[in-house]
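# Observations on the model geometry
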Amino acid sequence: MQPFRNLKSLALPIPQPNVDTDQILPARFLHKPRKDGYSQYLFRDLRRLIERPEFPQPKILIAAENFGCGSSRENAVWALADYGFRVIIAPSFGDIFYSNCLKNGLLPVPLRADVVAAILAATQPQTLYVDLFSQTVTIPDGTRYGFDIDLFAKQCLLRGVDELGYTLTLLPQIEEFEKAHPET
Amino acid sequence: MTPPLTLFEKIWRRHSILERPDGQTLLYIDRHLIHDGYQPAFEFLHDRGLRPRAPHRIFGTPDHYVPTTHRDVVQISDPERRHMVEDLARNTAAEGITMFGLDDQRQGIVHVIGPEQGITQPGITLVCGDSHTSTHGALGALAFGIGMTEVTHVLATQALWQRQPKTMRIAVDGTLSAGVSAKDVILAIIAKIGAAGATGHVIEYAGSAIRALSLEGRLTICNMSIEAGARAGMIAPDDTTFDYLHARPYAPSGEAWDRALERWRELPSDPEAAFNTEVSFDAAEIAPMVTWGTSPQDAAPIDARVPDPAQASSAVRRDAISRALAYMDLTPGTPLAEIAIDRVFLGSCTNSRIEDLRVAASIVDGRRVAPRVEAWVVPGSSLVKAQAEAEGLDRIFKTAGFEWREAGCSMCLGTNGEIAAPGERCASTSNRNFAGRQGPGARTHLMSPAMAAAAAVKGHLTDVRRLLEK
Ligand code: SF4
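This write-up is about the structure you can find in this document. Just so you know, these numbers come straight off a predicted model, no measurement behind them. (Residues numbered from 1 in each chain as written. Chains lettered and ligands numbered in written order. Predicted model: local features only at pLDDT ≥ 70, side-chain atom pairs only at ≥ 80, totals over all residues. Heavy atoms only, no water.)

## Examining the overall build of chain B
Broken down by element type, chain B carries 16 helices and 19 strands. The C-alpha radius of gyration computed for chain B amounts to 21 Å, which stays within 12% of the reference 23 Å derived for 470 residues, consistent with globular compactness. Judged by the C-alpha coordinates and their principal axes, chain B covers about 55 × 55 × 45 Å. Counting over 470 residues, chain B shows a buried share of 65%. For chain B, the centre of its 48 positive side-chain charges and the centre of its 56 negative side-chain charges are spaced 1 Å apart. (Helix = DSSP H or I, 4+ residues; strand = E, 2+ residues; numbered from the N terminus. Rg over C-alpha atoms; globule rule 2.2 N^0.38 Å. Buried < 20%, exposed > 50% of the residue type's maximum accessible area, 1.4 Å probe, protein only. Lys, Arg positive; Asp, Glu negative; His and termini not counted. Charge placed at Lys NZ, Arg CZ, Asp CG, Glu CD.)

Right, here's the structure in full:
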């Protein structure tokens, strides 16, 4: 997993609520091999949402509430990551999408709804600075806003490692649990 | 003394292996259902030199990529899709995982066969790399969908890190009117609380109308919990649950059944247990529902009209409605019951069980599918199909002009290639009306099996209650 510390980038706005994972990655590409790359399938039927000359190579995507709702397909996160996005900002996310992001080096940032709404309403492209260590987003006028993330997920992202290696060290506890609970 | 606990909290505590300093819990996973979308998970696992840790807790069946016109894997013409189905067969065989293959009568949509085989049981934790895993909560299990990285984690460890979600109790009290089903209840709930209304929560459905539902109806309700953003949906196990489970192949039997019953009877939420959020509905006020837009929250009673974006509560909502109506090619003010359809899809993990087919068949019986409408029945499992055939339902559907197909996900999602054409309008018993869900440019209206059957014979969305007065 690619580590994430901080970045400054134009934020590509998608001012829509409930952008579901079927839009992000249409189902007809779900069987495509991971290693071939998913960039070309991102928003395949709504390509105009991302192909905008005033937002060259955006690394941040900002959207209205409930971004990534719907299907659990992790392929939606692969498509965003392969396209070059490293941060997704929204007032809220689909639960499964949120955790899928964290597992792929993509930082989901739940940001105050009024701040998101103001950025989405801006007439000029907005450049944002996102810092994971301090858990803050800095908007063009210099104001900083905090966001939440679980400590462990944060450390995994900062170091670019996943959870599995850590959990495998806990196998003795898992085995003990199994012995203590034979009925399940 | 333990404080009063909810059904969810009892299962959560019972499966908590340990807690991390940041508050995440390592949760033990009792059962893992897998399907033909698991190729990447096995690849990730093998890339790390790992193998499934507890194969006896895993059950597999192909559903997403299987054809519903025949049962021959070799005949799947697209090599990449065929590979998905073959890969599941290969991996399950290599790892000693129980598998209900395409040639097995027990094959079907993963969320239909879990309960059907008695694999899903009260009080267990169950996961699957599919968001509609919430379905299984209907039996009083804690069941939720996960992504492929989490799937790999569960395969390797039989455990999963989770932050404890909040709890929401949705009470539906009273009696449902004739022609109103579980599907209408859940659509009415989502229309009210919204597509993100339960984000971060586990829902427990309660109240007399929920108690009165059959197990099949409860599965339909819990299935769509995810469409309200919920992590999971659950219903307390009771005699309906136990009667359903008794003598199912993977349910406990003999003395083990008696011991299990004792444990299961302890599961329902304690009377004093507190929920973070409570919502209530009057069953008598729920009418047959249909969706008009591109989110499951865009649902309304069939006697309503297509909404006017100008009257939306906010600018964001106005834009969302306008975009949805443009995609759906609908004009504000049109009565929903006048919307003409091209297709009917009776299937999916929401509504493809025997009870769904019986209700639909009772509407279709003695009538004909309207001219130019293409109507399909896709049973949820091969056993459901066989049962329906034993009851003669297939003949009723075929006589009326429906296509009677093999079990699978089919046009709910179209990953097997069975999609609606651009611009086609489909009355569907599935769970998602997202833009392009049933094929690029295809337009989906969600509804109950009875309403879909009524739409099939009328050729347009219609109030099934009119057809009940034969
Ligand atoms: S029937 Fe539809 S929603 Fe259910 S598992 Fe299959 S594709 Fe997913």
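## Here's the deal with empty space enclosed by the protein
All names here are of chain B. Evaluation of the coordinates by the stated rule reveals five cavities of 30 Å³ or more. Size it by volume and the largest cavity reaches roughly 400 Å³. Surrounding the largest cavity, 32 residues form its lining, His35, His64, Gly129, Asp130 and Leu413 being those nearest its centre. Of the residues in the lining of the largest cavity, the class split is 12 nonpolar, 14 polar and six charged. (1 Å grid on protein atoms, 1.4 Å probe; cavity = no way out; pocket = protein on both sides within 12 Å on 5 of 7 lines; lining within 4 Å. Points joined across faces, edges and corners; volume = space filled by probe spheres on them. Nonpolar A, V, L, I, M, F, W, Y, C, P; charged D, E, K, R; others polar.)

## What about the interface of chain A and chain B?
For interface size, the figure often reported is the accessible area lost on association. The interface is formed by 48 residues belonging to chain A together with 58 residues belonging to chain B. Taking both sides of the interface into account, the surface hidden between chain A and chain B amounts to around 4,500 Å²; carbon and sulfur atoms contribute 57%. Of all residues in chain A, A:His31, A:Phe177 and A:Thr184 give up the largest surface area on contact with chain B, accounting jointly for 14% of the area buried on that side. Summed over the shared surface of chain A and chain B, the result is 21 residue pairs in polar contact (both at pLDDT 80 or more). Looking at the side of chain A that touches chain B element by element, the count peaks at six residues for helix 7 (residues 171–180) of chain A. Broken down by class, the residue content of the side of chain A that touches chain B amounts to 17 nonpolar, 16 polar and 15 charged. (Contact = heavy atoms within 4.5 Å. Buried area = accessible area lost by both parts, 1.4 Å probe. Polar contact = N/O pair within 3.5 Å; in protein donor to acceptor, adjacent residues only side chain to side chain.)

## Focus on the layout of surface pockets
In this model, the largest pocket occupies a volume close to 940 Å³. In terms of lining residues, the largest pocket is bounded by 34 residues, among which A:Asp95, A:Tyr98, A:Asp150, B:Gln24 and B:Arg163 are the most central. The set of elements that each furnish at least two residues to the lining of the largest pocket consists of helix 3 (95–102) and helix 5 (151–159) of chain A together with strand 8 (159–163) of chain B. With four residues, the top contributor of residues to the lining of the largest pocket is helix 3 of chain A. Of the residues contributing to the lining of the largest pocket, the split by class is 15 nonpolar, eight polar and 11 charged.

## Here we look at the site of the ligand
Residues and elements named next belong to chain B. Around the ligand, the structure places His64, Ile109, His111, Asp130, His132, Ser348, Cys349, Cys409, Cys412, Leu413, Asn431 and Arg437. Cavity membership is defined here by more than half of the atoms lying within 2 Å of grid points; on that basis the ligand lies in the largest cavity. Here the residues of the shell around the ligand sort into five nonpolar, five polar and two charged. (Near = heavy atom within 4 Å. Sits in = over half its atoms within 2 Å of the grid points.)

## Focus on helix 6 (residues 182–193) of chain B
An α-helix turns once every 3.6 residues. As a result, residues three or four positions apart point the same way. Residues and elements named next belong to chain B. Across its 12 residues, helix 6 extends 17 Å between first and last C-alpha, which sits within 8% of the 16 Å expected from 1.5 Å per residue. Of all the 12 residues making up helix 6, 10 are buried; the element is thus mostly covered by neighbouring parts of the structure. Regarding helix 6, the residues found buried are Ala182, Lys183, Asp184, Val185, Ile186, Leu187, Ala188, Ile189, Ile190 and Ile193. Following helix 6 by one or two positions, glycine 194 adopts a phi angle in the positive range, close to 95 degrees. (Expected span 1.5 Å × (residues − 1).)

## Considerations on the packing of aromatic side chains
Residue and element names in this part refer to chain A. Following the criterion strictly, the structure yields 18 aromatic pairs over all chains and no others. Between the aromatic rings of tyrosine 38 and tryptophan 78, the centroid separation amounts to 5.5 Å while the plane-to-plane angle is 80 degrees, which identifies the pairing as edge-to-face. Taken together, the positions of tyrosine 38 in the loop between helix 1 (21–24) and strand 2 (60–63) and tryptophan 78 in helix 2 (residues 75–83) put the pair 40 residues apart, joining distant regions of the chain. Under the relative-accessibility criterion, tyrosine 38 is labelled buried at 0%. Given the relative accessible area of 1%, tryptophan 78 is considered buried. (Phe/Tyr/Trp six-rings, centres within 6.5 Å; stacked < 30°, edge-to-face > 60°.)

## Remarks on the packing of helix 6 of chain B against helix 8 (residues 215–223) of chain B
Residues and elements named next belong to chain B. Following both chains from N to C, one finds helix 6 and helix 8 inclined at 25 degrees, their axes separated by 8 Å at the closest point. Comparing the axis directions of helix 6 and helix 8 gives the class roughly parallel. Where helix 6 crosses over helix 8, the handedness of that crossing is right-handed. The segment helix 6 lies against helix 8, with Ala182, Lys183, Val185 and Ile186 engaging Gly217, Thr220 and Ile221. A per-class count over the contact of helix 6 with helix 8 returns four nonpolar, two polar and one charged. (Axes fitted to C-alpha atoms, helices over the stretch in contact; angles between N-to-C directions. Parallel < 35°, antiparallel > 145°, perpendicular 65-115°, else oblique. Left-handed = near helix turned anticlockwise from the far one by under 90°.)

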